[in-house]
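Working through the structure, step by step
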Amino acid sequence: MKPEALLQLIIAIGVMALMAFSLLAVAFVQIPAGQLNLFTALASGVIGGAFGIVVGFLFGSSLETKAPSPPAVQP
């Protein structure tokens, strides 16, 4: 496995762990009614931000940056 593929896998597992932690917190921890909206906003912001970063990294860079550069022309 290439190092960049391993890094992508680790990041994807981390994002899934954040999702699971947030879902478990909502399911099993008593969150005060006054704080529920704040928790929901923070959790969705963290998960959405992490997901956006992963997708932006994997699919956001152009193909030109991934293609090998042409050889330099010497006079």
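Note: the structure precedes this text.
Read on for a plain summary of the structure. (Residues numbered from 1 in each chain as written. Predicted model: local features only at pLDDT ≥ 70, side-chain atom pairs only at ≥ 80, totals over all residues. Heavy atoms only, no water.)

Some thoughts on the overall build of the chain
Put simply, the rule reads: Strands are runs of DSSP state E lasting at least two residues, helices are runs of H or I lasting at least four, and both sets are numbered from the N terminus onward. Each residue is assigned to one of three classes by its accessible area relative to the maximum for its type, calculated with a 1.4 Å probe on protein chains only: buried under 20%, partly exposed between the two thresholds, exposed over 50%. All accessible-area figures derive from a Shrake-Rupley calculation using a 1.4 Å probe, and residue coverage is judged against the displayed protein chains alone.
What the chain contains, in helices and strands, is three helices and zero strands. Out of the 75 residues in the chain, the part that is buried amounts to 11%. Surface summary for the chain: the accessible area is close to 6400 Å², and the carbon and sulfur share equals 75%.

Description of helix H2 (residues 36-59)
Test applied: How far a helix is expected to stretch is found by multiplying one less than its residue total by 1.5 Å. What makes two residues a contact is simply this: any of their non-hydrogen atoms within 4.5 Å.
Taking 1.5 Å as the rise per residue, H2 with 24 residues should run 34 Å; its terminal C-alpha atoms sit 34 Å apart, in good agreement. Considered for burial, the residues of H2 that qualify are Ala 43, Ile 47, Ala 50 and Val 54. Looking at the buried residues of H2, the elements they touch are helix H1 (3-28).

Side note on H1
The end-to-end C-alpha distance of H1 is 37 Å, a good match for the 38 Å that 26 residues give at a rise of 1.5 Å each. For H1, the complete set of buried residues consists of Val 15, Ser 22 and Ala 25. On its buried side, H1 packs onto H2.

Digging into the environment of Ile 11
Note on placement: Ile 11 falls in helix H1. Put simply, Ile 11 and Ile 53 are 42 residues apart on the chain and 9.8 Å apart in space, counted from C-alpha to C-alpha.

Re the environment of Ile 53
Positionally, Ile 53 belongs in helix H2. The class of Ile 53 is exposed, set by a relative accessible area of 62%.

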